[in-house]
Amino acid sequence: MIQIIPAIDIIDGRCVRLTQGDYRQKSVYTMTPLDMARSFAEAGVRRLHLVDLDGAKAGEPRNLATLEAIASLGTLDIEWGGGIKSRAHLEDVFNAGAGHAIIGSLAVKDPHTMECWLREFGGKRIILGADLRNGKVSVSGWLEDSPLSVHDLLDRFIPSGLKEVITTDISKDGMLQGPSTQLYVDLARRYPDVTFTVSGGISSMLDILHLEGLGLQRVVVGKAIYEGHISLREIADFIAKRKDKEHQS
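Residues numbered from 1 in each chain as written. Predicted model: local features only at pLDDT ≥ 70, side-chain atom pairs only at ≥ 80, totals over all residues. Heavy atoms only, no water.

If you tally the helices and strands in the chain, you get 11 helices and 12 strands. At 17 Å, the chain has a C-alpha radius of gyration in line with the 18 Å of a compact globule built from 249 residues. By its C-alpha atoms, the chain is 45 × 40 × 35 Å across when sized along the principal axes. The buried share of the chain, taken over its 249 residues, is 57%. Summed over its atoms, the accessible surface of the chain is roughly 10,800 Å², and 47% of this surface lies on carbon and sulfur atoms. Placing the 29 positive and 33 negative side-chain charges of the chain at their respective mean positions leaves the two points 2 Å apart. (Helix = DSSP H or I, 4+ residues; strand = E, 2+ residues; numbered from the N terminus. Rg over C-alpha atoms; globule rule 2.2 N^0.38 Å. Buried < 20%, exposed > 50% of the residue type's maximum accessible area, 1.4 Å probe, protein only. Areas by Shrake-Rupley, 256 points an atom, 1.4 Å probe, with all protein chains shown as cover. Lys, Arg positive; Asp, Glu negative; His and termini not counted. Charge placed at Lys NZ, Arg CZ, Asp CG, Glu CD.)

Now the structure itself:
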């Protein structure tokens, strides 16, 4: 069963979605992040992808109060990305209620620290965020491009205990045109001991069913939910049916 992980991207405490990571192409939604998180929890979602876009730009977490409020619901396992550049930032995020920290820019710019965090906190809590533009990893809220590929990062961090990776094809993000399926299939085959989360481009439940059929394990869904291409009822039904199958097997 593939796990659906809804995304909440935050700017100034509000739910937003960007198109291809461009802060100038921003859609702002009326529901608060807390209300959205509560709706996801009521639909049966158990893991939430929370991104502090202010923090990604500023280089430090900026929406920890929102994280604390969502964590106080007590039902969601939260993965947090955006602005984690130091040990103090990491501790702030965990203390505010995140179960997992997504490390992107720091993994590229300070790989030794990433290795230390993986050894200390483990590969289930420290997640590599590798967001790709033209095959290379972008950092700092997708505002800078690095010369590294996702394979460069995986080959470096797996020996330190890396277990989970979220990879976004920036060209697909927010476009509602389907994900870069072959990218994830190839990664999963090359690195069978790593769990890859598909991110970017999901347009409908058919995309998710296709990814599930290929054996992929997790998918982040954002704009498709906010723009009404995937309903909370569809997500709830999907989760309930998969649970029924698990109970029967």
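A few words now on helix α3 (residues 64–71). Within the span of α3, buried status applies to Thr66, Leu67 and Ile70. End-on, the buried residues of α3 take up no more than an arc of 100°, which puts them together on one face. Residues of α3 that are buried in the fold lie against β1 (3–11), α1 (33–42), β4 (47–52), β5 (77–81) and α4 (87–95). (Arc of directions from axis to C-beta. Contact = heavy atoms within 4.5 Å.)

Our focus in this paragraph is the nonpolar core. One finds Ile8 and Ile208 to be the most contacted residues of the largest nonpolar core, which totals 65 residues. Excluding anything up to four places from it in sequence, Ile208 contacts Ile2, Ile4, Ile202, Val219, Val221, Ile230 and Phe238. Membership of the second largest hydrophobic core comes to 7 residues, among which are Ile11, Leu18, Tyr23 and Leu53. (Core = buried A, V, L, I, M, F, W, Y, C linked by side-chain atoms within 4.5 Å.)

Once that is clear, we can look at the pairing of strand β12 (residues 218–221). In β12, alternate side chains face the same way, and those of Arg218 and Val220 on one face and Val219 and Val221 on the other are all buried. Bridging between β1 and β12 involves 4 bridges; their strand directions are parallel. Each residue of the ladder has a partner; that of Ile5, found in β12, is Val220. Pairing geometry for strand β11 (residues 195–199) and β12, over 3 bridges, is parallel. Of the residues in β12, the one forming a bridge with Thr197 is Arg218. (Pairing = 2+ DSSP bridges.)

This brings us to helix α11 (residues 232–248). Owing to its 3.6 residues per turn, the α-helix aligns residues three or four sequence positions apart on the same side. The end-to-end C-alpha distance of α11 is 24 Å, a good match for the 24 Å that 17 residues give at a rise of 1.5 Å each. Its buried side turned inward, α11 meets β1, α9 (205–213) and α10 (223–226). (Expected span 1.5 Å × (residues − 1).)

The next subject is unusual backbone geometry. One non-glycine residue with positive phi stands out, namely Asp12, at about 55°. Classification of Asp12 by relative accessible area gives exposed; the value is 62%.

Quick look at the packing of aromatic side chains now. Summed over the entire model, instances satisfying the criterion amount to 3 aromatic pairs. Relative to Tyr226, the ring of Tyr29 lies with its centre 4.9 Å away and its plane at 35°, an arrangement referred to as tilted. Residue Tyr29 is located in the loop between β3 (22–28) and α1, and its partner Tyr226 is located in helix α10; the two are separated by 197 residues in the primary sequence. The pair formed by Tyr29 and Tyr226 is uniform in burial state, with each residue classed as buried. Between Phe94 and Phe121, the ring centres sit 5.6 Å apart and the planes meet at 55°, which makes this aromatic pair tilted. Placement of Phe94 in helix α4 and of Phe121 in helix α6 (residues 111–121) is noted, with a sequence separation of 27 residues between them. Between the NZ or CZ atom of Arg125 and the centre of the ring of Phe94, over which it lies, the distance is 3.8 Å. (Phe/Tyr/Trp six-rings, centres within 6.5 Å; stacked < 30°, edge-to-face > 60°. Lys NZ or Arg CZ within 6 Å of the ring centre and 35° of its normal.)

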